Amino acid sequence: MLDSFFGAFSEAVSFPEDQLRCLSTLLLSYPLAFVFRLLPNNNPGLKHLISVLTSFFLIVVVVDDLVGLMHLLGSSIAVWRIMGTVQGKWGPRLVFIGVMLHMSVSHLYRQFNDYRGYKLDHTGPQMILTMKLTSWAFNVYDGRRNPKELSRYQQDHAITTFPSLLHYLSYVFFFPAVLVGPSFEYMDYIRFIELSQFRDSKTGKIHWPAGRVMASMKSFFFSLIALASLAIVGPKLDVLWTLEPEWKALPWVLRFGYVQLAAFAARFKYYAVWKMAEGACVLAGFGYNGQDPKTGEHLWDATSNINVWAYETGQSIKTLADNWNMGTNKWLKHSVYFRVVAPGAKPGPLETFATFGVSAFWHGFYPGYYLMFASSAFALTAGKLLRSHLRPRYVSATTAKTPFIYNILGMLLTQATINYLSMSFLLLTFSDSIMVWKELYFAVHIGIFAVTFLTPVLFPVKRKSRKDTKTEADKVAVAVDATTEVVDANTKIKTQ
């Protein structure tokens, strides 16, 4: 629908029609979110209905993807039926396998019919849907388990009452997040719809925390800046130029430098769409995250999918992973990482590599994804080793902080590593990825393995002497005795 309008508009602004439709959907989410916020507080059923119908309208009319909607709706209803029928642990397992297979078929169809193409279709929303459906299935399963078997996070998000189809579809098709995310938990969404987190327990009145509109506008304008940066810098820093003879003819330092800049510029498109979707969620009232314990400021970042500053200044691969695509990371953590760990066991390298494997599988089947995530798993392991063996040598005994130069070098090393590794994610193919890394002499890969094997040898962890251990034990004993004396004194006072 609206083919003539978007066709003419696309030609006038020299912008791909599919991306123009996606951007228009994100922009339309803002006035729609403003209206959504004005719906009656005491009528959650109306909110659920409006949320579903709005998403259907955006997908069919604006995005013009009726087939995609059928994929999303069909798999959603199937999952709802499975979890309503299968009561045990095989419920979420069947859901996980089923939706991953469905998404994989979509990935493969796109890969075979539009190899290395960038035309937007339903696979993007389906990736978001996969996270929602699998986490929802696990939450329903947790709601049927003994609460003592659950972690604190699982208890907070367990679904104890099986939802109606309308409530469920409202969660699945919440319109500001239906195309590009973020993913979130069902119970968080229900608390937002019912406004339980804003309701006064005594009077029952709704009190909206301050800062919602300002937070929304900050995300919106940041997304516009990212879009402008992408339009200006993107064409000049195309990652595909690394495949050209001109790039290969550059000195190694310039080749490596171009890779750093190109990978940085490629992140602008993610910043743009994620922050725009976040702003629309917040404007609708979804995303409140309590108050800052230091400043008392109301935080509206619960639906944030990216912490740009933390990512761009991160000093470890783990920090980068924690602040990039945060909704996906949360899903991988709670629906994959902690689900494959045996009860009572401690997570290890096997769980780490399994999580990276699912992440690559979730993204699709281009070899570049697997090259990056496998390399990132090794980089993460190397980073942990470096931190545990090297950092204690530089931590100040008085401030418990590391020197400024240490932090700067850590940030530069981390950024250089991720920008280098992400080339395979951006180039997609095995041959191109290996070729670019080869032109850079596999410098970062060699560094990763050097750190892994040499760090324990060159910087062994200092073991505490028996004297130090005894001294610490004496300090603990003194502290325990002092605490006991205080408790006894308080007890005597109360009994007098």
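Residues numbered from 1 in each chain as written. Predicted model: local features only at pLDDT ≥ 70, side-chain atom pairs only at ≥ 80, totals over all residues. Heavy atoms only, no water.

Colleague: Help me understand the overall build of the protein, please; the structure alone is not making it clear to me.
Modeller: From N to C terminus, the protein includes 22 helices and zero strands. For the protein, whose C-alpha radius of gyration is 26 Å, the value lies close to the compact-globule estimate of 23 Å for 496 residues. On the principal axes, the C-alpha backbone points of the protein span a range of 80 × 70 × 45 Å. Within the protein, the fraction of its 496 residues that count as buried is 45%. Looking at the protein alone, contacts between residues at least 24 apart form 71% of all its contacts between residues at least 6 apart. For the protein, the accessible area works out to roughly 26100 Å², and carbon and sulfur atoms hold 66% of it. (Helix = DSSP H or I, 4+ residues; strand = E, 2+ residues; numbered from the N terminus. Rg over C-alpha atoms; globule rule 2.2 N^0.38 Å. Buried < 20%, exposed > 50% of the residue type's maximum accessible area, 1.4 Å probe, protein only. Contact = heavy atoms within 4.5 Å. Areas by Shrake-Rupley, 256 points an atom, 1.4 Å probe, with all protein chains shown as cover.)

Colleague: Explain the packing of aromatic side chains to me, please; I cannot follow it from the model alone.
Modeller: A ring pair, where both rings are aromatic, is described by two values, the distance of the centres and the angle of the planes. Under the counting rule described, the total for this entry stands at 46 aromatic pairs. On the numbers, 5.3 Å between centres and 80° between planes, the contact of phenylalanine 56 with phenylalanine 173 is edge-to-face. Here phenylalanine 56 is found in helix α3 (residues 44–62), whereas its partner phenylalanine 173 is found in the loop between α8 (165–172) and α9 (186–194), with 117 residues between them in sequence. Phenylalanine 173 gets classed as buried once you look at its relative accessible area, which sits at 1%. (Phe/Tyr/Trp six-rings, centres within 6.5 Å; stacked < 30°, edge-to-face > 60°.)

Colleague: Would you take a moment to explain the pattern of salt bridges for this structure?
Modeller: Pairing between side chains of opposite charge can happen when their charged atoms approach one another. Considering all chains together, one arrives at 11 salt bridges under this definition. Here arginine 339 makes a salt bridge to aspartate 142, at a shortest N to O gap of 2.7 Å. Separated by 197 residues along the polypeptide, arginine 339 in helix α16 (residues 326–340) and aspartate 142 in helix α6 (residues 123–143) bring together distant segments of the chain. The exposure class of arginine 339 is partly exposed, given its relative accessible area of 22%. Since its relative accessible area comes to 1%, aspartate 142 is described here as buried. The network of salt bridges with shared partners includes Asp142, Arg145, Glu149 and Arg339. (Salt bridge = Lys/Arg side-chain N within 4 Å of Asp/Glu carboxyl O.)

Colleague: Sorry if this is basic, but what is going on with α9 here?
Modeller: Helical periodicity: at 3.6 residues per turn, an α-helix aligns residues three or four positions apart in one direction. All of the buried residues along α9 are Tyr186, Met187, Tyr189, Ile190, Phe192 and Ile193. The inward-facing, buried residues of α9 abut α2 (17–37), α3, α6, α7 (152–157) and α8. A positive phi of about 60° marks leucine 195, the residue just after α9.

Colleague: Please explain the state of the cysteines as it appears in this structure.
Modeller: Here a disulfide denotes one covalent bond, and it connects the sulfur atoms of two cysteines. Under the counting rule described, the total for this entry stands at zero disulfides. Take cysteine 22: it sits in no disulfide, and the sulfur closest to it among the cysteines is that of cysteine 281, at 14 Å. Under the relative-accessibility criterion, cysteine 22 is labelled buried at 15%. (Disulfide = S-S within 2.5 Å.)

Colleague: Is there a simple way to think about the environment of valine 140 in this case?
Modeller: With respect to the element layout, valine 140 can be found in helix α6. Separated by 48 residues in sequence, valine 140 and proline 92 have C-alpha atoms that sit 8.3 Å apart. Those residues in contact with valine 140, other than ones at most four positions away along the chain, are Met83, Ile159 and Phe162.

Colleague: For this particular structure, what's the right way to read the confidence of the model for the protein?
Modeller: Here the protein shows a mean pLDDT of 88. Residues at 70 or above account for 92%. A low-confidence stretch, residues 475–496 (pLDDT under 50), is modelled with zero contacts involving residues beyond four sequence positions or located in other chains. (pLDDT = per-residue confidence, 0-100.)

Colleague: For this particular structure, what's the right way to read the nonpolar core?
Modeller: Generally speaking, nonpolar side chains in soluble globular proteins are found buried as a group. Grouped together as the largest cluster of nonpolar side chains are 53 residues, with contacts concentrated most on Phe36, Trp136, Tyr168, Phe173, Phe174 and Tyr189. The contact partners of phenylalanine 36, leaving out residues within four places of it in the chain, are Lys47, Ile50, Ser51, Phe174, Phe175, Phe192, Ile193 and Ala284. (Core = buried A, V, L, I, M, F, W, Y, C linked by side-chain atoms within 4.5 Å.)

Colleague: Explain the side chain of serine 170 to me, please; I cannot follow it from the model alone.
Modeller: Of note, serine 170 is situated in helix α8. Within the structure, the side chain of serine 170 is placed 2.5 Å from the side chain of tyrosine 189, a separation counted as a polar contact. Leaving out residues up to four positions away in the same chain, serine 170 has contacts with Lys47, His48, Ser51, Val52 and Tyr189. (Polar contact = N/O pair within 3.5 Å; in protein donor to acceptor, adjacent residues only side chain to side chain.)

Colleague: Can you walk me through the packing of α6 against α16 in this structure?
Modeller: How two helices pack is summed up by the angle between their axes together with the distance between the axes. In the contact formed by α6 and α16, the axes pass within 10 Å of each other and the chain directions differ by 45°. Taken as axis vectors, α6 and α16 run oblique relative to one another. Every pair of crossing elements has a handedness; the one defined by α6 and α16 is left-handed. In this structure, α6 uses Thr130, Met131, Thr134, Ser135, Phe138 and Asp142 to contact α16, whose residues at the interface are Gly327, Thr328, Trp331, Ser335 and Arg339. Each residue belonging to the contact of α6 with α16 can be placed in one class, and the counts come to three nonpolar, six polar and two charged. (Axes fitted to C-alpha atoms, helices over the stretch in contact; angles between N-to-C directions. Parallel < 35°, antiparallel > 145°, perpendicular 65-115°, else oblique. Left-handed = near helix turned anticlockwise from the far one by under 90°. Nonpolar A, V, L, I, M, F, W, Y, C, P; charged D, E, K, R; others polar.)

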